[in-house]
Each structure stands twice: as C-alpha cells, then as structure tokens.
Amino acid sequence: MAPARKVSEFRREGNGWFCNSGLPSDITVVVEGVNFHLHKFPLISKCGKMAKIHEESQSTREKIFTTVLEEFPGGPDTFLIAVKFCYGVRLEMTPRNIVMVYCAADYLEMTDEYGEGNLISKSESFFHKNILRNWKDCILALQSSEPVMSRAEKLQILSKCFNALSMMVCTDPSLFGWPMMMYGSLQSPGGSILWNGINTGARIRSSESDWWFEDISYLSVSLFVRLIKTMEGRGIRPENLAGAAMYYARKYLPGLGRWQGGQSGKTRTVASFSLTPAAVDQKDLLESIEKLLPAKKGKSFCRFLLGLLRVTLILGVTHTCKDSLEKRIGMQLELATLDALLIPTYSDSDTLYNTDCVERIIHHFMSSESFITSFSPSSFDLETSPSSGPLRKVAKLIDSYIAEVASDVNLKPGKIRSIAQALPESSRPLHDGLYRALDIYFKAHPWLSEKEKEELCNVIDYQKLSIDACAHASQNERLPLRVVLQVLFFEQMQLRTALAGCLHVLDTESAPAGPLTVPGDMAGQIVQRDGWVTVVRENRVLKVDMERMRSRVGELEEEFSKIKQEMKKVTKSHSTLSSPRLVVKKIGCKLVPGSSDAQPDTVESTGPTPRPSLEQLRLSRNSRHRKSFSLF
C-alpha cells in the first residue's frame with residue numbers, strides 16, 4: 001500500500017468517495033447512504049471502532065468488506081474529515097466544525113492508544129486553546145452543536161461553552177481586545193486609551209451592560225435557556241438576564257417589539273455572524289421565556305409582560321403559562337399603562353376587549369400580599385416607593401380603563417360593575433373617574449332600563465364626588481331621577497360644610513390675634529374639594545360675598561325642606577303618579593328655559609330639555625360657585 005502521506009485528495013463519483021492512492025479499496029464504509037471506498041490499514045491504525053469491526057469480520061473471506069455506521073455525528077461531511085486525518089491529510093479545524101469533529105473522533109474511538117496525537121487529543125486541544133477563549137468562536141461552536149447535542153453533552157462541550165460565555169459576560173469586553181466603537185481610533189491594539197498617540201495605560205470600560213444580548217440571540221431556545229441558567233448560577237444581575245430574555249423574545253415573536261417602550265432598534269453586538277437566526281417554535285419560546293423571567297418589577301418590564309400576554313392569547317399557549325403571566329402583571333399593576341392594558345379579544349367573544357383577563361389581573365393584584373423587588377434604576381424606570389400609593393394608582397388606572405371600554409355596545413352592565421367593585425372603597429378618594437366612566441357607558445347604551453342604571457350607579461359614593469361632578473350629575477338627563485336627588489342632597493351637605501368651615505376661617509382671620517383653628521375633617525374637605533381657604537387668604541374681598549352666600553344657603557335649606565315635605569305627600573298618594581314628570585308638577589316647580597348665564601353642560605344631553613325642578617334649583621345657586629365640569 002502506498003504511504004498515507006502521498007494521498008493528495010479524495011474525489012467523489014456519483015454517490016461514492018474514492019481515495020487517490022493508486023491502490024484498490026478493500027473496505028467500504030456507508031454513512032447515511034454515501035459509500036466511502038477506503039483501505040483497512042489507515043482506518044484500523046487510527047480508529048478503535050474500525051479495528052473492532054475488522055476483528056469481528058475476520059471470519060468472512062470477502063475481498064472487500066462493507067460496514068454501515070449508524071447515526072454518525074455530523075453525517076458524511078464530518079466522516080470525510082476524519083478519514084482525511086487517518087490518511088495523513090492536513091486537517092483544518094474551525095469554530096464551525098470543531099464540535100462535529102470532536103464528536104466524530106469520539107464515535108470512532110480515535111484515542112492516543114491508536115497513535116500519539118490522535119484526533120480526539122487534537123480536537124480537545126483546539127477546543128480549549130481557541131474556542132473557549134474567544135467569545136465569537138464559542139457562540140459559533142454552540143450553534144453548530146445542534147445536530148450532535150446528546151454526544152456533545154456527554155463530552156461536556158456544552159457546559160464548558162456555557163461557563164466560558166458566562167465568565168466573559170462578567171468581564172469587561174475591552175480586556176479581550178474587542179473593538180469598542182465609542183472610542184474610535186483612540187484605542188490601542190492592547191485595549192488601552194491613547195492620548196496624543198501615547199498609551200495612557202487606562203483600560204476602556206464598557207458603559208453598556210447589554211452588549212451580549214444580540215450575540216446570544218442566535219442560539220436555539222434550548223441552548224439559550226441553558227446559557228441563561230448558567231449565567232444565573234454565576235451571579236449575573238437578574239435585570240441583565242431579564243433584559244436578555246426580553247431581547248430574545250422580541251426577536252422571534254413578531255409584534256412584541258411595539259410593546260417594549262422604544263428599544264426595538266437598539267442593537268448591541270460584538271461578534272459578527274453570517275448565520276441566520278435560529279428556527280424556534282413560538283409556543284415553546286413563550287413557555288421557556290416565561291419561566292426564565294425573574295420575580296421583579298419595573299415599568300418597562302410590566303409593559304413587556306402585557307405584550308407577552310397578548311401574544312400568549314393569540315397563540316393559545318397553555319393555561320399555566322397564561323395564568324403565570326397574569327399573576328406577574330397583577331403583582332405590579334400600579335406600573336401598567338392604559339394602552340398596554342387594553343388587550344383585544346382574540347376569541348369568538350362579542351366584546352372588543354378582553355375584560356375577563358383584566359378582571360383576573362385585578363384580583364391577582366388584590367391577593368398579592370408580598371411586594372416583589374424592583375429592578376435597579378440603571379436598567380428600568382421605577383415607581384415603586386412604599387409611599388406612592390399603588391392602590392390609588394390602580395384605582396385611577398381601572399377607572400380610565402372602564403371609561404375606555406364603556407363605548408363597546410356589547411359590554412354587559414354586570415361586567416362593568418364587577419370590574420369597578422374589584423377594588424375596595426378605600427382605593428378611590430374621589431369617584432369622579434368612576435362617574436365619568438358610567439356616564440360614557442350610559443351614553444353608549446341608551447336602551448338600559450332605570451333599574452339597570454340604578455344598580456350601576458350604586459357603585460358610586462356620592463359623598464366622594466367633587467363640586468364639579470355634583471354640578472354635572474344634577475343636570476345629567478342620562479341618570480335616573482332617584483340618583484339625581486341623592487346627588488342634590490349630598491351636594492347641599494358638602495356645600496353647607498364647606499361654607500361653615502370657610503366662615504370659621506374668616507372669623508378667625510378677622511380677630512386681632514390668635515392661632516388659626518379649623519377642625520381637621522372640615523379643613524380636609526375644604527382643601528380637597530375647592531381649595532377655598534387658600535383663595536380667602538389671598539383675597540380678603542371675598543368676605544362680603546361669603547356673608548351673602550350664608551344668607552342664600554338658608555334660603556336653599558328652606559326650599560329643600562319644602563321639597564321633602566312635598567315628596568312625603570306624593571309618596572302617600574301613589575295613584576296620582578303616572579310619570580316622574582308628575583312629581584315635579586306636584587312639588588310646584590315650573591318649567592323654565594335655561595337662562596343665558598347658566599352653566600354650559602359639556603356632556604351631550606339625550607333629552608330635549610332639562611328637568612324643571614332641577615333647573616330651578618340650579619338657577620338658585622350663586623353664580624360664583626357654578627364651575628364648568630368637563631368630563632370629556
């Protein structure tokens with residue numbers, strides 16, 4: 001047989017490979033249907049597996065022995081590389097083929113027992129000296145390990161790559177001599193900063209902690225998950241790991257990038273890859289990413305979770321994944337925004353928005369007892385101080401949500417009521433937002449009965465309506481008559497309390513000396529409702545007007561007592577009542593048109609004229625306290 005060093009090349013003819021040694025082949029190896037016509041001696045001298053196969057075939061007297069190698073790692077291309085090494089052809093190892101060659105050498109048992117410096121030892125040396133010390137080569141090696149995952153795991157190739165990448169993520173990139181574009185030509189080849197061409201010895205520090213997000217996004221889902229878990233074990237900050245997971249999800253989930261808060265076009269990469277992104281299963285990706293996300297909170301993080309929930313509802317992922325996302329969102333609902341919370345309905349439901357999902361999120365928020373840790377300000381915008389009042393923020397958000405979805409004609413009154421009552425009464429210091437939402441709902445649902453309207457209005461505490469809201473409600477034709485009477489009653493009580501407090505302040509200020517004493521509850525109502533104390537202090541001229549108002553309130557009290565007496569008489573004679581209009585006539589009020597100086601109603605009225613009795617009361621109020629109340 002000719003020496004192996006004289007073999008210059010291999011040629012392919014049809015479905016077979018032939019060696020240009022000048023000698024006829026005496027063994028045929030079949031790998032995935034491709035025939036390799038080779039010689040026994042080069043293979044037996046290097047490959048332990050081929051030596052064992054040859055010993056077992058000694059009983060056969062065939063001149064050309066044929067064997068089939070099942071499940072050969074890397075297929076025919078990798079086997080050709082191993083064969084060339086056996087024939088003495090110079091082997092070129094690269095980050096793209098090193099894992100395949102390493103696994104093929106292990107499959108063929110090419111240990112040093114069959115020749116010093118065999119393929120296993122050469123592959124292992126190249127892997128440790130070249131691959132594990134270079135960021136880009138390490139990622140390329142992981143990418144090429146997909147077809148031989150099990151054998152690469154057995155050889156600890158994957159775990160070594162994960163550990164190497166984790167160590168490099170924890171290290172300043174400039175220590176590896178990587179190009180840092182922010183410094184341009186001011187960087188020396190060794191990674192130091194140059195000043196006028198002089199090496200200062202100062203190392204360049206990377207100001208970005210996400211330079212590696214884009215690079216690892218080329219890995220498959222399984223490899224990415226294992227790498228993130230390895231980094232977590234190395235002690236990398238949770239916000240960085242969450243950022244990497246969010247970047248990976250946005251890359252492979254179309255439409256998710258619009259919910260990331262303006263970071264989609266930001267690319268951080270050190271390596272330059274020519275491979276295409278990994279082919280991933282979106283459902284598998286969603287479930288894997290959800291498990292990777294830490295129990296943290298932040299505005300950007302909450303927005304990402306809501307976007308992830310939208311994609312989950314579209315793809316129909318398992319209920320476990322969906323419930324976990326809803327629970328995560330509920331634990332930081334005070335950081336959510338209205339546009340992110342408006343989740344459309346992707347099922348066969350008649351409603352436009354998925355109100356059931358939002359209601360479940362609210363219940364998760366109320367049931368969350370422990371407050372989760374927040375991300376550091378360097379990575380996410382925060383608003384998680386204990387004094388920020390998360391419950392009131394959520395109440396304000398939900399009131400705005402109800403007002404937004406109230407225009408849906410298919411939305412049932414029961415759903416509006418259940419969402420509004422999901423939060424406790426203490427969460428709303430004022431009910432103006434809730435009143436506005438119900439008014440929009442009544443306008444979009446004119447066919448509702450008086451009973452249904454009254455049941456919905458029961459969620460409003462009329463004592464928590466501002467003066468402006470009371471003024472608007474007292475003239476709102478869409479509200480039931482009983483509700484309007486309640487509003488008028490509480491409005492008078494609030495006005496009486498506020499005036500008493502203001503007059504007490506004026507009397508105190510007019511005294512020659514002495515401390516200002518105002519009851520705590522009364523002063524709180526004044527400052528909260530109208531801020532009259534501040535106005536009086538700035539303008540002493542209002543004292544005369546307040547005296548006039550005091551006398552006018554007495555007249556209003558007399559008129560209201562007459563109304564109550566007339567109402568008692570009306571209730572005793574039910575037979576004479578045929579419509580709510582008769583109540584007005586029985587009281588003795590006249591229908592008068594709205595005067596030119598009347599307060600304009602900023603909400604469109606569905607009736608032709610306002611109620612006469614309410615109009616008369618409205619005109620009797622002092623013009624100084626008729627404030628326009630715009631709800632839209």
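Here the residue numbering is sequential within each chain, running from 1 through the sequence in written order. Only residues with pLDDT of 70 or above have their local features reported here, since the model is predicted, and side-chain atom pairs are shown and tallied only from 80 upward, although totals for entire chains, interfaces and linings are computed over all residues. Each side-chain value is derived from all of the structure's non-hydrogen atoms; neither hydrogens nor water enter the calculation.

A. The arrangement of the packing of helix 10 (residues 221-233) against helix 11 (residues 238-252) in detail. Running from N to C, helix 10 and helix 11 point in directions that differ by 170°, and their axes come no closer than 10 Å. As the angle between them shows, helix 10 and helix 11 are arranged roughly antiparallel. Two secondary-structure elements touch here, helix 10 through Val-221, Phe-224, Ile-228, Met-231 and Glu-232 and helix 11 through Leu-241, Ala-244, Ala-245 and Tyr-248. Per-class residue counts for the contact of helix 10 with helix 11 are eight nonpolar, no polar and one charged. Working convention: axes come from line fits to C-alpha atoms, limited for helices to the stretch in contact. Angles between N-to-C directions cover 0 to 180 degrees. Under the DSSP-based scheme used, a helix requires at least four consecutive residues in state H or I and a strand at least two consecutive residues in state E, with every element numbered from the N terminus. Here the angle decides the label: under 35 degrees means roughly parallel, over 145 means roughly antiparallel, 65 to 115 means roughly perpendicular, and every other value means oblique. Here, two residues are considered to be in contact whenever any of their heavy atoms come within 4.5 Å of each other. Residues are grouped as follows: Ala, Val, Leu, Ile, Met, Phe, Trp, Tyr, Cys and Pro are nonpolar; Asp, Glu, Lys and Arg are charged; every other residue, Gly included, is polar.

B. Up close: the pattern of salt bridges. For this analysis, a salt bridge means a side-chain nitrogen from Lys or Arg found within 4 Å of a carboxyl oxygen belonging to Asp or Glu. In this structure the tally under the stated criterion is 15 salt bridges. Arg-151 serves as the salt-bridge partner of Asp-106, at 2.7 Å between the closest nitrogen and oxygen. Here Asp-106 is found in helix 4 (residues 98-107), whereas its partner Arg-151 is found in helix 7 (residues 149-154), with 45 residues between them in sequence. The classification of residues rests on relative accessible area computed with a 1.4 Å probe and restricted to protein chains. Under 20% of the type maximum is buried, over 50% is exposed, and intermediate values are partly exposed. On the accessibility criterion, Arg-151 (23% relative accessible area) is partly exposed.

C. View of the side chain of Ser-466. Mapped onto the elements of the fold, Ser-466 is located in the loop between helix 20 (450-457) and helix 21 (467-473). Among the residues examined, Ser-466 registers a relative accessible area of 10% and is labelled buried. For the purposes of these results, a polar contact is taken to be a pair of N or O atoms within 3.5 Å, where, inside protein, one atom must be able to donate a hydrogen and its partner to accept one; residues adjacent in sequence count only when each atom of the pair is a side-chain atom. Engagement of the side chain of Ser-466 in a polar contact is seen with the side chain of Asp-432, the distance being 2.6 Å.

D. Just the packing of aromatic side chains, in detail. Two rings from Phe, Tyr or Trp (for Trp, the six-membered ring) form a pair when their centres sit within 6.5 Å of each other. Planes less than 30 degrees apart are called stacked, planes more than 60 degrees apart edge-to-face, and all others tilted. As enumerated under the stated definition, the model contains eleven aromatic pairs in all. Taking 4.1 Å as the distance between ring centres and 15° as the angle between the ring planes, the aromatic pair formed by Phe-224 and Tyr-248 counts as stacked. In this pair, Phe-224 sits in helix 10 while Tyr-248 sits in helix 11, placing the two residues 24 residues apart along the sequence. Judged by relative accessible area, Phe-224 falls into the buried class, the value being 1%. With relative accessibility at 1%, the residue Tyr-248 sits in the buried group. Linked through ring pairs, Phe-36, Phe-72, Phe-79 and Tyr-107 together constitute an aromatic cluster. Over the face of the ring belonging to Tyr-218 we find Lys-251, whose NZ or CZ atom lies 4.0 Å from the ring centre. Only when the NZ of Lys or the CZ of Arg is both within 6 Å of the ring centre and within 35 degrees of the ring normal is a charge said to sit over the ring.

E. Helix 14 (residues 319-330), seen in detail. Look at helix 14: 16 Å from first C-alpha to last across twelve residues, which is about the 16 Å you get at 1.5 Å a residue. Within the sequence span of helix 14, burial applies to Cys-321, Lys-322, Leu-325, Glu-326, Arg-328, Ile-329 and Gly-330. On its buried face, helix 14 sits against helix 12 (282-292), helix 13 (299-315) and helix 16 (355-367). Expected span of a helix: the number of residues minus one, times 1.5 Å.

F. Quick look at the nonpolar core. Among buried residues, those of type Ala, Val, Leu, Ile, Met, Phe, Trp, Tyr and Cys that are joined through side-chain atoms within 4.5 Å constitute a nonpolar core. Counting residues in each nonpolar core, the largest one holds 148 residues, and the members touching the most others are Val-29, Leu-38, Leu-69, Phe-79, Trp-212, Ile-216 and Ile-289. By convention here, the domain bounds are inherited from an automatic or database domain assignment. Mapping this core onto the domain boundaries places at least three of its residues in each of domain 1 (1-138) and domain 2 (448-507). Every residue in contact with Ile-289, bar those within four places of it in the chain, is listed here: Phe-224, Ala-245, Tyr-248, Ala-249 and Leu-308.

G. Molecular detail of the sheet that holds strand 5 (residues 65-68). The mixed open sheet is built from five strands, whose spatial order is 1-2-4-3-5. On the outer flanks of this sheet lie strand 1 (10-13) and strand 5, each paired with one strand and no other. The average undirected angle you get between the axes of adjacent strands in this sheet is 20°. Following DSSP output, two strands are said to pair if at least two bridges run between them. Bridging between strand 2 (residues 16-19) and strand 4 (residues 34-38) involves three bridges; their strand directions are parallel. Within the sheet, the bridge partner assigned to Gly-16 lies in strand 4 and is Asn-35. Relative to strand 4, helix 3 (residues 75-86) is tilted by about 10°, and along the sheet it contacts strand 1, strand 2, strand 3 (27-31) and strand 4.

H. How the structure looks around the packing of helix 17 (residues 390-405) against helix 18 (residues 413-420). Relative orientation of the contacting elements helix 17 and helix 18 amounts to 170°, with a least axis distance of 10 Å. By the angle between their axes, helix 17 is roughly antiparallel relative to helix 18. Contact with helix 17, carried on its side by Ile-398, Tyr-401 and Ile-402, involves Ile-416, Ile-419 and Ala-420 of helix 18 and no other residues of that element. Considered class by class, the residues forming the contact of helix 17 with helix 18 number six nonpolar, no polar and no charged.

I. View of unusual backbone geometry. Look at Glu-32: it is not a glycine, yet its phi comes out positive at around 55°. One can find Glu-32 in the loop between strand 3 and strand 4. The residue Gln-156 is not glycine, and still its phi comes out positive at about 60°. When you line up the elements, Gln-156 lands in the loop between helix 7 and helix 8 (157-169).

On their own, these measurements won't tell you what the molecule is for.
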